[in-house]
Each structure stands twice: as structure tokens, then as C-alpha cells.
Amino acid sequence: MSLGERLRQARLEKGLSQTQVAGETITRNMLSQLEHDQASPSVRTLEYLASVLGVRVSWLLEEQPAGADQKTDEARALYEAGQYSECLALLQQAPQLSPEGGLLLCRSALQDAAQALKLGNPSAAAQSAKLALSAESIYIGAQERLSAYLLLASCAMAREEPAGSWMELVQAQSRELGFEEHRHLLAARYHLLGDRLQDAERELWSAGSFSPETKGEYLLLRGWLSVLKERYQDAVQYLRQAEEASLPGILQKLDLYRLLEISYREQEDYKLAYHYASLRLAAGSGKSIVSP
């Protein structure tokens with residue numbers, strides 16, 4: 001059964017006219033062409049039609065093997081519950097995935113990668129991010145690809161490996177989406193690692209204001225830049241603000257404590273330098289430490 005035949009069947013079963021289904025989103029003429037397989041719908045149009053007709057997009061697109069819908073339902077439930085590793089494992093066992101299943105595979109792999117990076121495991125994070133890039137679905141778009149490139153660039157930096165090729169992909173994809181905030185922060189980190197201070201400062205100033213989600217990372221990078229410029233009082237101001245804003249992952253916290261240790265040591269405040277050195281060691285080992 002073709003896409004057009006499925007559209008027509010679903011519409012008739014609902015007792016709807018072409019005008020009712022088309023609504024204000026598409027024209028009746030376009031729907032007629034789709035039902036006669038004379039045109040190809042966009043992803044957005046498919047999603048709209050599936051919603052109006054009360055069917056799955058995957059059902060409209062292709063005949064699924066036995067049990068595929070059930071597998072997708074199970075994977076969706078795991079994803080919505082935040083069980084990304086379990087969702088990923090389930091989908092990897094499937095011999096064939098629907099378009100929705102492919103999207104779930106991609107997104108669960110991205111979430112799994114983000115969690116691994118947050119826990120300080122860039123190797124596992126890179127593996128999941130590459131799996132996300134290999135997933136196939138008409139639903140996977142520029143946003144998912146950008147997320148994977150950002151993760152892979154971050155993983156390369158965390159492992160002190162060349163990140164230039166991933167940075168190029170991040171830059172290109174960000175421009176396509178008009179998605180600048182994370183790109184500027186990642187580029188600033190990339191330049192700081194290479195001691196390119198002017199380039200790092202340019203990226204930080206170019207970014208403008210930041211959302212609450214990225215404020216801590218921005219302040220951390222401002223502090224890092226100040227340390228490299230040997231402006232330790234300024235560094236402490238930025239870094240203590242970053243500490244208050246809270247940072248998302250263990251790698252950022254390790255950077256924060258390392259930079260605060262350096263800043264206080266250079267100002268001969270050895271008590272606080274020792275405190276942040278202890279925090280850095282504790283964070284790396286997963287232990288907690290009492291503040292002075």
C-alpha cells in the first residue's frame with residue numbers, strides 16, 4: 001500500500017473530507033496530490049496529517065515488520081521515562097527500525113552521550129554520539145546533527161585530542177540553524193586549550209548574553225581567560241560566580257576547582273588554594289568534602 005493509499009484509507013475511516021483534513025495547514029489540492037502519489041510531503045506535513053488522522057507517521061510511510069510497532073512503543077516509554085541507556089539497548093536489538101524508531105535511537109544515543117560526558121567519561125560519550133550520527137530516519141535533522149558534533153568536539157577536547165574537524169562541523173551546522181550560543185562557548189574553550197587568548201575573548205564577546213543553562217560555563221571560561229592573562233582577582237570573581245551558578249558536569253567542576261586553586265595560590269591565599277585542590281581531588285574520586 002502506497003503513502004497516498006494509506007492517507008486516503010485513514011481519512012475515509014475517520015469520515016473526513018479532504019477539506020476537513022487539509023484545514024489551514026495545507027491546501028485541499030495538495031492533499032489530493034498526496035493521496036494520488038503525485039507529490040511528496042515534507043516531514044512537517046506528514047506530522048500534521050498523522051495528527052489529524054490519528055495514525056502514526058511510521059504507519060503512513062511503510063509496512064512495518066511484525067512486532068516493530070510494539071518495539072517502538074516500548075522504546076518511547078523508556079525514553080520518556082529518562083531511561084536512555086535502556087532505550088538505546090532495546091532499539092539496537094531491533095533488526096529494522098521505523099522512522100520514529102530511528103529518531104528515538106538518535107535522541108537516546110545523544111542523551112546517553114551527554115550523561116556519560118557529565119559523569120566524566122568522554123570515551124563512552126563519543127561512542128554514543130557517533131552512534132547517534134549513524135542513526136537513520138527522515139525525522140533526524142540539523143538540530144540532532146549539531147548536538148552530536150558539539151558532543152564529539154567536547155569529547156575530543158576532554159581527551160586532549162584534535163577537535164578541529166568536529167569544530168568545523170559545529171560552525172557550519174550552527175550557522176545553518178542560527179544556533180550561536182553553544183557554538184561560541186565551545187569555540188572559546190577550543191581556543192583557550194590552545195592558548196589563543198584573543199580568539200577565545202572574541203568568541204566570548206561575540207556570544208552576547210547567555211541563558212541560565214549556559215551561564216555557568218560562560219563564567220567559567222571568562223575566569224579561565226583571566227587566569228591565562230594572569231588577572232587572578234578578576235578570575236576569582238568570575239569563577240566564584242560560576243560556582244554559584246552551578247556547572248552541569250564533573251569535567252567543568254574539575255576545571256573550576258583547578259582554576260580557583262591556581263588563582264588563590266598566585267594571590268598567596270594558601271588556605272583557599274588548598275581547599276580547592278582538595279575539592280578537585282574529591283570531585284575526581286567521587287568523594288565529598290566539607291567547606292571551610
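(A) Spotlight on helix α9 (residues 122-134). The terminal C-alpha atoms of α9 lie 18 Å apart, and with 13 residues this matches the ideal 18 Å at 1.5 Å per residue to within 8%. Listing the buried residues of α9 in full gives P122, A125, A126, S128, A129 and A132. The buried residues of α9 all sit within an arc of 165° when viewed along its axis, so they share a single face. Structurally, α9 contributes buried residues whose contacts are with α7 (84-93), α8 (99-118) and α10 (142-158).

(B) Just the environment of A156, in detail. Structurally, the position occupied by A156 is in helix α10. You can call A156 buried: its relative accessible area is 3%. With 70 residues separating them in the primary sequence, A156 and S226 have C-alpha atoms 24 Å apart. Setting aside residues no more than four positions away along its own chain, A156 makes contact with E161, P162, A163 and W166.

(C) Spotlight on the pattern of salt bridges. Per the stated rule, a full pass over the model turns up 13 salt bridges. E161 is the partner of R159 in a salt bridge, and the nearest nitrogen-oxygen pair spans 3.5 Å. Taking the relative accessible area as the measure of exposure, E161 reaches 38% and is therefore partly exposed. The closest approach of N and O atoms between R189 and D255, which form a salt bridge, is 2.9 Å. Placement of R189 in helix α12 (residues 181-193) and of D255 in helix α16 (residues 250-266) is noted, with a sequence separation of 66 residues between them. For D255, a relative accessible area of 14% puts it in the buried group.

Procedures and definitions
Every chain begins its residue count from 1, and numbering advances along the sequence as written. Where local features are concerned, this predicted model is filtered to residues with pLDDT of at least 70; where side-chain atom pairs are given and counted, the filter is 80 or more; whole-chain, interface and lining totals use all residues. Where side-chain values are given, they derive from all heavy atoms of the structure, hydrogens and water being excluded. Segments assigned H or I by DSSP are reported as helices when at least four residues long, segments assigned E as strands when at least two residues long, and all are numbered from the N terminus. An expected span of 1.5 Å times one less than the residue number is assigned to each helix. Only protein chains enter the accessibility calculation, which uses a 1.4 Å probe; a residue whose area is less than 20% of its type maximum is buried, one above 50% is exposed, and one in between is partly exposed. The arc in question is the one spanned by the directions pointing from the helix axis to the C-beta atoms. Contacts are residue-level and defined by heavy atoms, with any inter-residue pair within 4.5 Å sufficient. Salt bridge criterion: a side-chain nitrogen from Lys or Arg within 4 Å of a carboxyl oxygen from Asp or Glu.

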